[in-house]
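# Examination of the molecular architecture
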Amino acid sequence: MPAIIHCDVAIVGGGLAGGLIALALRRKHPALDIRLIDGGRNLGGNHLWSFFASDVAPADRWLVAPLISYGWTSYDVHFPAHARTLKSPYYSIESERFDQVVRAAMPADAVMTRRKVLGASARAVVLADGDRIEAGGVIDCRGPGDLGKLDLGWQKFFGRELTLAEPHALKRPVIMDATVAQIDGYRFMYALPFAATRLFLEDTYYSDTPEIDVAACAKRIDAWASARGIMVEAATREEAGALPVAMGGDFEEYWKSGGNRVAKGECAPGCSIRSPAIRCPMRCGLPH
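Scope of this entry: the structure provided in the associated data block. Bear in mind the structure is a predicted one, so any value in this text is a computation, not a measurement.

## Regarding the packing of aromatic side chains
- Across all of its chains, the model carries 13 aromatic pairs by this definition.
- Chaining the aromatic ring pairs together yields one cluster made of Phe52, Tyr70, Trp72, Tyr75, Tyr90, Phe194 and Phe200.
- Positioned above the aromatic ring of Trp62 is the side chain of Arg27, whose terminal nitrogen or guanidinium carbon lies 4.5 Å from the ring centre.

What follows is the structure, given as structure tokens:
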């Protein structure tokens, strides 16, 4: 028999935005009864998020610190006529750790995974199995609304986590190698050295279109690795995505398109922790 679940705050979507908001509310208002709902098996899906230390204000770093899987004190950038090593901390968060940390911080019944959402209003969430969540407030973190309301470019990427046959020679992350051929917009390679024989490589574009040629990107990743003497043994994980970059449009209608009067957990279209999504959770604290 369908059940009605009562809570103070229901967060729809257990990705980066939803998880961070849940952690922030749990820390600032521990008495709140929170439900974090997602259709997937794990919170965060299959992703790697990275950010500069300067993306997060010192007073807010407590929120992301437990999530960090890797950290470096400097990084490299390469352009056709210039190259620099910049001494600034850089961090990465793996979705597996994200799932573990968020679950550990919440009561057992607060995280509701494998629960498909049919609809959400300002105070209710309807689930596909017939259950209904009645909340003091609902925050929708399921992603963007009607992107047709906006003028967009795209940051798109295909990344591979690699196991190597021999140790690589990278001393620090390569945040942007724009010495590569410029294809389909502004293109660069991105490299994160997780361990001596573990490396994440990503082929990234700022483009006018969201389409991703995964096979072509994979070949370009292999070529970049081969040119640097990196001996790949196996690809252990892959991810691809196209993040909308808003250039203009009707923002008022865009926000309405996601459901009028429903609080949105997205700071801006295409926002990720790389372009500090941390601001949204830190601003969603409820009144004392």
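## A look at the sheet that holds strand β7 (residues 90-94)
- The three strands are arranged β3-β7-β4 in an open sheet whose pairing can be described as antiparallel. Edge positions in the open sheet fall to β3 (48-52) and β4 (70-72), since each of these has one partner strand only. Geometrically, the sheet is characterised by an average inter-axis angle of 15° between neighbouring strands, direction not taken into account.
- Pairing of β4 with β7 involves three bridges; the strand directions are antiparallel. Its bridge partner being in β7, Trp72 is matched across the sheet by Tyr90.
- Set on the sheet, helix α3 (residues 95-105) makes contact with β3 and β7; between it and β7 the angle comes to about 75°.

Scoring rules and cut-offs
- Counting restarts for each chain, with residues numbered from 1 along the sequence as it is written.
- In view of the model being predicted, local features appear only for residues whose pLDDT reaches at least 70, and side-chain atom pairs are presented and counted only at 80 or more, with totals across whole chains, interfaces and linings using the full set of residues.
- To get the side-chain values, all heavy atoms of the structure are used, and hydrogens and water are removed first.
- Two rings from Phe, Tyr or Trp (for Trp, the six-membered ring) form a pair when their centres are within 6.5 Å of each other. A pair whose planes differ by under 30 degrees is stacked, one over 60 is edge-to-face, and the rest are tilted.
- Here, over-ring charges are defined by two tests on the NZ atom of lysine or the CZ atom of arginine: distance to the ring centre within 6 Å, and angle to the ring normal within 35 degrees.
- Note on pairing: DSSP must find at least two bridges between two strands before they are called paired.
- We count a stretch as a helix when DSSP gives it H or I for four or more residues in a row; a strand needs E for two or more, and each element gets its number in order from the N terminus.
- What counts as an axis is a line fitted to C-alpha atoms, over the stretch in contact for a helix, and the angles between N-to-C directions run from 0 to 180 degrees.
- A contact between two residues is defined here by any heavy atoms of the two lying within 4.5 Å.

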